[in-house]
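# Report on the structure
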Amino acid sequence: MTPTILLTSEKFVKEVTNLSDNLSGKLLLPAIKEAQNFGLRNLVGNQIYNTLLNLVATKEIDLEVNSSYKELLDVAQYYLAYSAATNVIILSAVKIDNIGVVRVTDSNTESVPLSDTFTIRDFYKKKSDYYRQQVSEYLKNSNLRSETSCNTNTYSNSSTNIWLGGPRGKRVL
C-alpha cells in the first residue's frame, strides 16, 4: 500500500482552527483526506491536483519553476484546514458502535447538543466556502489554467443547496 500524500498537515489544521491538540489522528486524517480527494480535486481538476501531489511527494514544490503551484498550495491549505474541520466535527461528536450510533462523552467534559454541533459545523463550512472561493480566484488569475488542459470547477464554490444561476448541467471553463 502506498503512503498517502497530504497537502496539509494535522498540525496546520489544528493551528488555524480551534481543534484540540489532543484530537486523534484517527479522526483528523480521514477528514483531511476527504477534503483533498473530494473537495480540492473537484475544485482544481485532476491534472492540477495530481501535479500538486507529485510535487509535494518529490519535495519539488518549493522550486522556483513551480512557484504557481506553491502559491496555489499555500492558498489551498486554508481551504483544506477548514474543510477538514467541517468534516471532523460530526466524526468526533458521534461514534458508530455495535449498538448503533452513540454520542461520545467523557467524565470530565460535557457534550453539546447535536443541534449546536451542526451550528458549529456550519460556522466552519462558511470559512471553508470562503477559502474555496480564494482557491478559485487564484486559479482564474494564474497561469495554471492556461498551462493545463484540465477542467476545473471555478464556476460555483458555495456549499448551499440553492442554485446560483448560470448554465445548468454544463461544464463551464
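Located above this text is the structure these notes cover.
How each quantity is defined
- Residues numbered from 1 in each chain as written.
- Predicted model: local features only at pLDDT ≥ 70, side-chain atom pairs only at ≥ 80, totals over all residues.
- Heavy atoms only, no water.
- Phe/Tyr/Trp six-rings, centres within 6.5 Å; stacked < 30°, edge-to-face > 60°.
- Helix = DSSP H or I, 4+ residues; strand = E, 2+ residues; numbered from the N terminus.
- Buried < 20%, exposed > 50% of the residue type's maximum accessible area, 1.4 Å probe, protein only.
- Contact = heavy atoms within 4.5 Å.
- Core = buried A, V, L, I, M, F, W, Y, C linked by side-chain atoms within 4.5 Å.
- Lys, Arg positive; Asp, Glu negative; His and termini not counted.
- Salt bridge = Lys/Arg side-chain N within 4 Å of Asp/Glu carboxyl O.
- Polar contact = N/O pair within 3.5 Å; in protein donor to acceptor, adjacent residues only side chain to side chain.

Turning next to the packing of aromatic side chains. As enumerated under the stated definition, the model contains six aromatic pairs in all. Between Y82 and Y131, the aromatic rings sit 5.6 Å apart at their centres with planes inclined by 5°, giving stacked as the arrangement. Of the two residues, Y82 is situated in helix α4 (residues 67–93) and Y131 in helix α5 (residues 114–141); the sequence distance between them amounts to 49 residues. The class of Y82 is buried, set by a relative accessible area of 9%.

This part takes up the side chain of S68. Of note, S68 is situated in helix α4. With residues up to four places along the chain from it excluded, the contact list for S68 reads Y138, N143 and L144.

Across the chain, the bulk of peptide bonds are trans and the bulk of non-glycine residues have phi less than zero. Not every positive phi belongs to a glycine, and K59 is a case in point at roughly 60°. Take K59: it is sitting in the loop between α3 (46–57) and α4.

Before going further, it helps to examine the nonpolar core. Core analysis: the biggest nonpolar cluster contains 22 residues, and L7, L40, V44, L72 and V135 have the highest contact counts within it. At the level of elements, α2 (25–44), α3, α4 and α5 are the ones that each hand at least two residues to this core. Leave out the neighbours within four places in its chain, and L40 touches L7, A35, G45, Y49, A76, Y79, L80 and V135. The next biggest cluster of nonpolar side chains, apart from the first, holds 14 residues, and it includes F12, L19, Y82 and I89.

Turning next to the side chain of K14. As for its placement among the helices and strands, K14 is situated in helix α1 (residues 10–16). It is E10 that comes nearest to the buried, bridge-free K14 among opposite-charge side chains, at 4.1 Å. Side-chain polar atoms of K14 contact the backbone oxygen of L23, separated by 3.0 Å. Those residues in contact with K14 that sit more than four places away from it in its chain are L19, S20, D21, L23 and L28.

In total, this model carries five salt bridges according to the counting rule given. Ionic pairing is found between K70 and D74, a salt bridge with its closest N-O pair at 3.2 Å. In this pair, K70 and D74 are both assigned in helix α4, four residues apart and thus about one turn of the helix distant. Exposure remark for K70: the relative accessible area of 28% places this residue in the partly exposed category.

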